Amino acid sequence: MNSFNLDAIDRKILRILQDRGDISHAAIAEAVGASPASCWRRIKALETAGVLVKTVSLVDPDLVGRGLNVFCQVRMKSHDPLARRNFERFVESHEEVLECYSMSGDWDYLLRVLVADVADYERLLMRGILTHEAVANSSSHFALKSVKYSTAVPV
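All values derive from a computational prediction rather than experimental measurement. (Residues numbered from 1 in each chain as written. Predicted model: local features only at pLDDT ≥ 70, side-chain atom pairs only at ≥ 80, totals over all residues. Heavy atoms only, no water.)

Q: Tell me what's going on with the domain arrangement of the chain, and back it up with residues and numbers.
A: With domains assigned, the chain is organised as domain 1 (8-49) and domain 2 (61-142). Averaged C-alpha coordinates put domain 1 and domain 2 at centres separated by 37 Å. (Domains from an automatic or database assignment.)

Printed below as a string of structure tokens:
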């Protein structure tokens, strides 16, 4: 993997944008001690290089009825590429699966699922995950509370 060469000002810009994606270039420039034009060029360079990917607004899951966070470990029946690809497509097609990681160790995948309640999760698990032809079994862990949550990448 190639990494982008970041200087101190780039790092400051990235920290600011990760905290407030809607901030103006002028406000960023003032905060980092650079001209607005220089800031704009730096941000464009970071976007072009793929360092800055997209700007989003984060939604409070509790306020939209999706307050239950479940971490689901999945073990596959087979590790053949087609089975894995089919399972990954299945995961991508379910909006309640926010994250999916291929793992080392005893479990093949780790899913982060955000649902309304236990009944909602049970439907996904029993009618989706466990009935998928490539899945051998799973283990679910329900988050009691969020101690730390961040989308900011340390720079």
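Moving on from the model shown.
Q: Quick one: what's the story with the nonpolar core, residue by residue and with numbers?
A: Cys72, Val74, Phe87, Leu111, Val113, Tyr121 and Ile129 are the most contacted members of the largest nonpolar core, which totals 20 residues. No other element matches strand E1 (residues 68-76), which puts five residues into this core. Leu6, Ile16, Leu17 and Ile23 belong to the second-largest nonpolar core, a separate cluster that totals 13 residues. (Core = buried A, V, L, I, M, F, W, Y, C linked by side-chain atoms within 4.5 Å. Buried < 20%, exposed > 50% of the residue type's maximum accessible area, 1.4 Å probe, protein only. Helix = DSSP H or I, 4+ residues; strand = E, 2+ residues; numbered from the N terminus.)

Q: Can you tell me about the state of the cysteines, naming the residues and giving the values?
A: Scanning the model with the defined rule gives zero disulfides in all. Not part of a disulfide, Cys72 finds its nearest cysteine sulfur in Cys100, a span of 9.6 Å. When its relative accessible area of 0% is taken as the criterion, Cys72 is described as buried. According to the relative accessible area criterion, Cys100 is partly exposed, its value standing at 29%. (Disulfide = S-S within 2.5 Å.)

Q: Kindly report on helix H1 (residues 8-19), identifying the contributing residues and their values.
A: End to end, H1 covers 17 Å across twelve residues, agreeing with the expected 16 Å (1.5 Å per residue, within 8%). The complete set of buried residues in H1 reads Asp10, Ile13, Leu14, Ile16 and Leu17. For H1, the arc enclosing every buried residue in end-on projection is 165 degrees, short of the 170-degree limit, so these residues lie on one face. Turned more than 90 degrees off the buried face of H1, the exposed positions are Ala8 and Asp19. For H1, the elements touching its buried residues are helix H2 (25-32) and helix H3 (36-48). The backbone nitrogen of Ile9 lies 3.1 Å from a side-chain oxygen of the residue at the head of H1, namely Asp7. (Expected span 1.5 Å × (residues − 1). Arc of directions from axis to C-beta. Contact = heavy atoms within 4.5 Å. Polar contact = N/O pair within 3.5 Å; in protein donor to acceptor, adjacent residues only side chain to side chain.)

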